[in-house]
Amino acid sequence: MKADADGRADRERELICSIRINPERDDYKLVQGTLDAMYIDDDGKATIIDYKTDYIKYDDPDEVIKEVKRRHAEQLELYAAAVEASGIKVKSRYVSLLR
């Protein structure tokens, strides 16, 4: 991958930061986790990828997608907010099911 060769890819990136969850008050959430993969595209924006080993018992691919979003959307949004807090804009977020 060209991004990897150019030093624009990152794996298992530790994320620790506080994210303001209510702009009208001083409410923050501590975000701590490991972002499985991220790469910076030519436009300087990031794509983040989180690998999951969930077993989702649906035959319909659309139902699988809905369930993955339900389970992991908040985590991906928090990871994106943490990356953006470091000054990098996020343009895409993906979950990759490994089963």
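Here, the structure is the one placed above.
Position numbers for residues start from 1 in each chain and track the written sequence from start to end. Reporting in this predicted model follows two pLDDT cut-offs: at least 70 for local features of residues, and 80 or more for side-chain atom pairs to be given and counted; totals over whole chains, interfaces and linings ignore these cut-offs and use all residues. Where side-chain values are given, they derive from all heavy atoms of the structure, hydrogens and water being excluded.

> Provide a residue-level description of the nonpolar core, including the pertinent values.
Remark: nonpolar core denotes a set of buried residues (Ala, Val, Leu, Ile, Met, Phe, Trp, Tyr, Cys) joined through side-chain atoms within 4.5 Å. Relative accessibility decides the category of a residue: with a 1.4 Å probe and only protein chains considered, values under 20% of the type maximum give buried, values over 50% give exposed, and everything between is partly exposed. By size, the foremost hydrophobic cluster in this structure holds 16 residues, and its most contacted members are L35, M38, A46, I48 and V83. A run of H or I in DSSP becomes a helix once it reaches four residues, and a run of E becomes a strand once it reaches two; helices and strands are each numbered from the N terminus. Of all the secondary structure elements, the ones that give two or more residues to this core are β1 (9–22), β2 (27–40), β3 (46–52) and α2 (61–85). For this core, the element with the most residues is α2, which contributes five residues. Non-local contacts of I48, meaning those with residues more than four positions away in its chain, are made with L35, A37, M38, L76, Y79, A80, V83, V90, S92, R93 and Y94. Any pair of residues with heavy atoms lying within 4.5 Å of one another is described as a contacting pair.

> So what's going on with the side chain of D54? Which residues, and what values?
Along the polypeptide, D54 turns up in the loop between β3 and α2. Within polar-contact distance, the side chain of D54 engages the side chain of R71 at 3.1 Å. Polar contacts here mean pairs of N or O atoms no more than 3.5 Å apart (in protein, one a potential hydrogen donor and the other a potential acceptor; neighbouring residues in sequence count only if both atoms are side-chain atoms). At 2.7 Å, the side chain of D54 and the side chain of H72 are in polar contact.

> Tell me about the pattern of salt bridges, and please be specific about residues and values.
Salt bridges are counted wherever a side-chain nitrogen of Lys or Arg sits within 4 Å of a carboxyl oxygen of Asp or Glu. Under the defined criterion, the tally for this structure stands at nine salt bridges. For K91, the salt bridge goes to D41, with nearest N and O atoms at 2.7 Å. With K91 in strand β4 (residues 90–97) and D41 in the loop between β2 and β3, this pair connects stretches of sequence that are 50 residues apart. When its relative accessible area of 36% is taken as the criterion, K91 is described as partly exposed.

> Please give an account of the environment of S92 that cites residues and values.
As for its position among the elements, S92 is in strand β4. Note: C-alpha distance between S92 and K45 (47 residues apart in sequence) is 8.6 Å. Excluding residues that lie within four positions of it along the chain, S92 makes contacts with A46, T47 and I48.

> So what's going on with the sheet that holds β4? Residues and values would help.
Should DSSP find at least two bridges between two strands, the strands are regarded as paired. Across the sheet, four strands lie side by side as β1-β2-β3-β4; this open sheet has mixed pairing. If you trace the sheet from one side to the other, it starts and ends with β1 and β4, each paired once. Each strand axis lies, on average, 40° off the axis of its neighbour in the sheet, ignoring direction. Where β1 and β2 come together, twelve bridges link them in antiparallel fashion. The partner of C17 across the bridge, within β2, is V31. Interaxial angles span 0 to 180 degrees and are taken between N-to-C directions of axes, which are lines fitted to C-alpha atoms, for helices over the stretch in contact. Sheet strands in contact with α2 are β1, β2, β3 and β4, and its direction is about 140° off that of β4.

> Got a sec to walk through α2? Specific residues and values, please.
To estimate the expected span of a helix, subtract one from its residue number and multiply by 1.5 Å. Helix length check: α2 (25 residues) gives 34 Å between terminal C-alpha atoms against 36 Å at 1.5 Å per residue, within 8%. Bend, at a single residue, is the angle you get between axes fitted to the 7 residues ending at that residue and the 7 residues starting at it. At H72, α2 shows its strongest bend, of approximately 55°. All of the buried residues along α2 are V64, E67, V68, H72, L76, Y79, A80, A82 and V83. Considering only its buried residues, α2 is in contact with β1, β2, β3 and β4. Looking at where α2 begins, the residue whose side-chain oxygen comes 3.0 Å from the main-chain nitrogen of D62 is D60. Residue G87 follows α2 closely and has a positive phi angle near 100°.

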